[in-house]
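# Observations on the model geometry
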Amino acid sequence: MASSAQSGGPSGGPAVPTVQRGIVKMVLSGCAIIVRGQPRGGPPPERQINLSNIRAGNLARRAAATQPDGKDTPDEPWAFPAREFLRKKLIGKEVCFTIENKTQQGREYGLIYLGKDTNGENIAESLVADGLAARREGVRANTPEQNRLAECEEQAKAAKKGMWSEGSGAHTIRDLKYTIENPRHFVDSHHQKPVNAIIEHVRDGSVVRALLLPDYYLVTVMLSGIKCPTFRREADGSETPEPFAAEAKFFTESRLLQRDVQIILESCHNQNILGTILHPNGNITELLLKEGFARCVDWSIAVYTRGAEKLRAAERFAKERRLRIWRDYVAPTANLDQKDKQFVAKVMQVLNADAIVVKLNSGDYKTIHLSSIRPPRLEGENTQDKNKKLRPLYDIPYMFEAREFLRKKLIGKKVNVTVDYIRPASPATETIPAFSERTCATVTIGGINIAEALVSKGLATVIRYRQDDDQRSSHYDELLAAEARAIKNGKGLHSKKEVPIHRVADISGDTQKAKQFLPFLQRAGRSEAVVEYVFSGSRLKLYLPKETCLITFLLAGIECPRGARNLPGLVQEGEPFSEEATLFTKELVLQREVWAHYEEQPVEEVMPVLEEKERSASYKPVFVTEITDDLHFYVQDVETGTQLEKLMENMRNDITSHPPVEGSYAPRRGDFCIAKFVDGEWYRARVEKVESPTKVHVFYIDYGNREILPPSRLGTLPPAFSTRALPAQATEYAFAFIQVPQDEDARTDAVDSVVRDIQNTQCLLNVEHLSAGCPHVTLQFADSKGDVGLGLVKEGLVMVEVRKEKQFQKVVRAMPRKPPAIASQGTGDRTSSQRGSGDPTTLLLLLGKDNGFGFVGFKKKKKKLITSQINWLRVWLRMQLQTRAESFPAPMPPCDRLKSAARPGMERVSPTFLPPPLSLPFQHAAPESRATSQCHLRARKHRATTPLPGCLESPQGLELAKCCPIQVSALGSPSLPSNRTREPRCRTAVQD
């Protein structure tokens, strides 16, 4: 407290009282005030000063709560006017005072002057002059001050002022009302209109005691929407202030205590009146927040009539500057960039009543949870139950309505997302399940807050937080207000009506029910539906609102790759491009309203074909590397052969210098890798299937063949040798204008013929037309220019495919329409590729798949084919061939069954027709032409063959007419052309 001492007069004279200065904080009565000093780093010191030589009436006092029998003391006459006289003259003003006397109890008496020195107005004289105070009796001192007081009192008496006026002064006694029977009714009766009041006491920064005028209600008012630090009362009765509690109290006292204000009574909470105090210099509520002396509270901010957003903005101002109670504040999104805090995204899916999936401009997907709201849930449901089972949204009251509200309003539309906070991941406990990290945000579309709209319709509730929990929506107050409106209007979850029930039949996993339900859907023809889920690109789950059922729906005419599936004890990996197909379908139809049409009709295969124009023959040289079992083949472009050789050489050098660590590579379906072939060399490959930890199916992308390998023979493909450096060299094609036989045996014959003719050879290729699987081409021999497909037709191994395109008619007509027949008897004037009438006594020597021998008899009318394996004939024939031929392979294993093309009219021959083993002579015959039907010793693992012509005759007259050249397997593997890289193929020699 500021003070200035004035020295005495001449030496030995009386001492002059010290003049001190201060600011009037409060007027206790008509003759007592409290002055304070200037604040320096905290609340300043205070002193109570009583006016000397005068007496004013005592103000009313309420009986102490500890004295049940005590009575309230009313005002004395003219006591309140005296107090008001001093309050209006002194509050907040600077005064100077001198202390004349100090009692043993510490009470100080003195003179008070308005202003900075004693030349100002004497407060005691002013009170006496207005008749609001009288000179204290018993004072007989003859001093200038006493003389002036006596003069003032005489003037007041003469003028009949104040207490000297006529009457008892009862009109100056207030009828104070300390309690209110019905505070809520009292608040509502004022209709939120400003009420004049005087702040009589400040308990803490946000709670005051106010005297409402003119009815003299003495009420406690809590500032709406905020809370300041308080003083905790200890067990011994002392008070311990919270951090910044004293500072907040002083801030309010210095601005409101005993000031004339206006109060808006806004609500009543637990008998406590909530209101807003308006001062001519500003709103104390907003000032406390802006200075960091208070924080917003959710339970009362909704009733703040001046705009809750102003309070949030003031609090945010203090948080950003870390003022006082926010000195350690860290924003929930402090670690986010601005572009991650606010962005525009497209809604792709509604996960729940409070969660959506959005697609960012970058193409990434992000799950967004609506801030500070809770979706509907079953009454009595334990949210902390770790083992609770998920229930369909149709079983939870108002969950379906909430989901539908979001779906209709948001799906496929762009929204504005403002991230409010990120809730960190929490581990699982014994009762609470684990939660992943959640991004909580405010989502708006067209200026409408989606969360607020949900809450206002009663389809969600607002989460209540701890007072110190700052992770909440930036529009939390609007959410609370919306919930209050929904409760008042009885909407949704707050309605007293019966809960809506949705009975939905889920037949998506029940085959029997689906079959029973299908005719009903077919009769309906076309039905409205909502796509609930996308299993794959062509497999969906639909919800039919009219039929109130869930069905599994397959797109007719197409089939997309299957995705990964979790099977018992096994995770089945997805097929290539399954995720892309599923994502494509999701973006198109997920949670959108569609029309479903149910018809069982033949699915027509649609194949893109070239435009109808003149057929163009542009043959290019290729190298055939692989023939598949369905008569497709893989070729390499001769022009890129040098590049492939160079890449393979560099890759093997790199692998030699940096060999892969065995077991370090984890194969995944669709990945490119390197695979170690049986020849010990590494080749580029692609993983097609992971059958087990020890079996991996790979496809050699430069050669077209497949193999099953252990992971130890696989490695990571170096980036320098990926398909970006050189695309896969093996290209798949199919023969044009021919029909692949459906019969397995007939198709095997055709494949064997193609393998013998073009495997590992250079040919000429021309693309004829495109197809859904691969391009269809014609293939010619490089030397003779003969058409490979035409040769297959002439041999009777395949049929001609009917093509209606005009440009292909010339090629199709040039092909024979009927395949040649097989000879039935040895007349010598027909080839073995011509059909005969068939003779039961005629035998045909055929060789089985595993190089065994069998005899087949012909009969016209019978269609059955039965083979008889004759091991002794095999042994005898090998002995004869070894004596007459230049070379022959090692002994061949017996065959299990005949693997030759079945011809109509074949039947089993009686063993009595078989010749003795040693009576069959061997004779050479001229080699047959390419078109002649041939029997082969099939060694499907050993593609190369060596021709050995021969003819057998029986002395009993049983004849094998013009037997075809017998081709036997050769040991080893053929060498490839020098300008191509060796093909990685499994070549295993025939073992004895």
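Predicted model, so just to flag it, every value in this text is computed and none were measured. (Residues numbered from 1 in each chain as written. Predicted model: local features only at pLDDT ≥ 70, side-chain atom pairs only at ≥ 80, totals over all residues. Heavy atoms only, no water.)

To continue, consider the overall build of the chain. Counting secondary structure elements, the chain contains 19 helices and 53 strands. For the chain, the proportion of its 992 residues judged to be buried stands at 43%. Expressed as a percentage of contacts within the chain between residues at least 6 apart in sequence, the contacts between residues at least 24 apart total 63%. If you sum the accessible surface of the chain, you get close to 53400 Å²; carbon and sulfur atoms cover 50% of it. (Helix = DSSP H or I, 4+ residues; strand = E, 2+ residues; numbered from the N terminus. Buried < 20%, exposed > 50% of the residue type's maximum accessible area, 1.4 Å probe, protein only. Contact = heavy atoms within 4.5 Å. Areas by Shrake-Rupley, 256 points an atom, 1.4 Å probe, with all protein chains shown as cover.)

With that out of the way, let us pick up the pairing of strand E39 (residues 695-700). With six bridges joining them, strand E38 (residues 682-692) and E39 adopt antiparallel strand pairing. Pairing of Ala685 across the sheet is with Tyr700, part of E39. With antiparallel pairing between neighbouring strands as the criterion, E38 and E39 make up a hairpin whose turn holds two residues. When E39 meets strand E40 (residues 706-709), the two strands line up antiparallel, connected through four bridges. The residue bridging Val696 from the neighbouring strand is Leu709, located in E40. Where E39 folds back onto E40 in an antiparallel hairpin, the turn is made up of five residues, including Gly704, whose phi is positive at roughly 95°. (Pairing = 2+ DSSP bridges.)

Residue pairs three or four apart in sequence face the same way in an α-helix, which turns once every 3.6 residues. With 14 residues, helix H12 (residues 476-489) should reach 20 Å at 1.5 Å per residue; the first-to-last C-alpha distance of 20 Å fits that figure. Looking at H12, one finds that the buried residues are Tyr476, Asp477, Leu479, Leu480, Ala482, Glu483 and Ala486. Buried residues in H12 make contact with helix H7 (298-301), helix H8 (308-321), strand E23 (373-374), helix H11 (450-456) and strand E27 (461-462). One or two positions beyond H12, positive phi appears at Gly490, with a value near 65°. (Expected span 1.5 Å × (residues − 1).)

Strand order in the open sheet made by the five strands is E40-E39-E38-E37-E41, with antiparallel pairing throughout. The sheet terminates laterally at E40 and strand E41 (714-716), the two strands that pair on one side only. On average, adjacent strands in this sheet sit at an angle of 45° to one another, irrespective of strand direction. (Axes fitted to C-alpha atoms, helices over the stretch in contact; angles between N-to-C directions.)

The next point concerns the sheet that holds strand E28 (residues 505-506). Paired through backbone hydrogen bonds, the strands of a sheet run either parallel or antiparallel to each other. Within the open sheet, the five strands sit side by side as E28-E31-E30-E29-E34. Their pairing is mixed. Sheet topology places E28 and strand E34 (593-597) at the edges, where each strand pairs with a single neighbour. Two strands pair when backbone bridges link them, and strand E29 (residues 526-536) and E34 are joined in this way by five bridges, in the antiparallel orientation. Paired with Arg526 across the strands is His597, a residue of E34.

Attention now moves to the packing of aromatic side chains. Any aromatic ring pair is given by two values, namely how distant the centres are and how the planes are angled relative to each other. Under the counting rule described, the total for this entry stands at 15 aromatic pairs. With 5.0 Å between their ring centres and 65° between their planes, Tyr533 and Phe535 make a pair best called edge-to-face. Given a relative accessible area of 41%, Tyr533 falls into the partly exposed group. Aromatic side chains Phe677 and Tyr683 sit 6.1 Å apart centroid to centroid with 90° between the ring planes, which places their arrangement in the edge-to-face category. Pair check on accessibility: Phe677 and Tyr683 agree, each one buried. (Phe/Tyr/Trp six-rings, centres within 6.5 Å; stacked < 30°, edge-to-face > 60°.)

Another point: the environment of Gln742. Position of Gln742 among the secondary structure elements: in the loop between strand E43 (738-739) and helix H16 (744-758). Overall, the relative accessible area of 72% leaves Gln742 in the exposed class. Along the primary structure Gln742 and Val798 are separated by 56 residues, whereas in three dimensions their C-alpha atoms are 9.9 Å apart.

To continue, consider the pairing of strand E20 (residues 342-352). Here is the key point about a regular strand: its side chains alternate between the two faces of the sheet. Bridge count between E20 and strand E24 (residues 414-423): five bridges; the pairing is antiparallel. When the bridges of E24 are listed, Ala345 appears paired with Val415. One ladder, built from five bridges, connects E20 with strand E21 (residues 355-359); its direction is antiparallel. Bridge assignment links Asn352 to a residue of E21, and that residue is Ala355.

In this section: the side chain of Thr442. Take Thr442: it is sitting in strand E25 (residues 438-445). Residue Thr442 is classed as buried on the basis of its relative accessible area, which comes to 5%. Reaching out from Thr442, the side chain makes a polar contact with the side chain of Asp420 at a distance of 2.7 Å. Beyond its immediate sequence surroundings of up to four residues, Thr442 is in contact with Ser371, Asn416, Val417, Thr418, Asp420, Asn449, Ser473, Ser474 and His475. (Polar contact = N/O pair within 3.5 Å; in protein donor to acceptor, adjacent residues only side chain to side chain.)

Attention shifts here to the confidence of the model for the chain. Chain-level statistics for the chain give a pLDDT mean of 78 and a share of 76% at 70 or above. Counting contacts from residues 383-387, a segment whose pLDDT is below 50, to residues more than four positions away or on other chains yields 13 contacts. Low confidence marks residues 601-612, where pLDDT is under 50. Its contacts with residues over four positions away, or in another chain, come to 13 contacts. (pLDDT = per-residue confidence, 0-100.)

All right, on to the nonpolar core then. Ile199, Ile263, Ile277, Leu288 and Leu454 are the most contacted members of the largest nonpolar core, which has 82 residues in total. Examining the composition of this core, we find that six residues originate from one element, helix H10 (residues 399-410), more than from any other. When residues of this core are assigned to domains, at least three fall in each of domain 2 (183-233 + 240-326) and domain 3 (338-378 + 392-427 + 435-494). Ignoring any residue separated from it by four or fewer positions in sequence, one finds Ile277 in contact with Ile199, Val208, Leu223, Leu256, Val261, Gln262, Ile263, Asn283 and Ile284. Counting residues in hydrophobic clusters, the runner-up holds 31 residues, among them Ile738, Val755, Leu779 and Val793. (Core = buried A, V, L, I, M, F, W, Y, C linked by side-chain atoms within 4.5 Å. Domains from an automatic or database assignment.)

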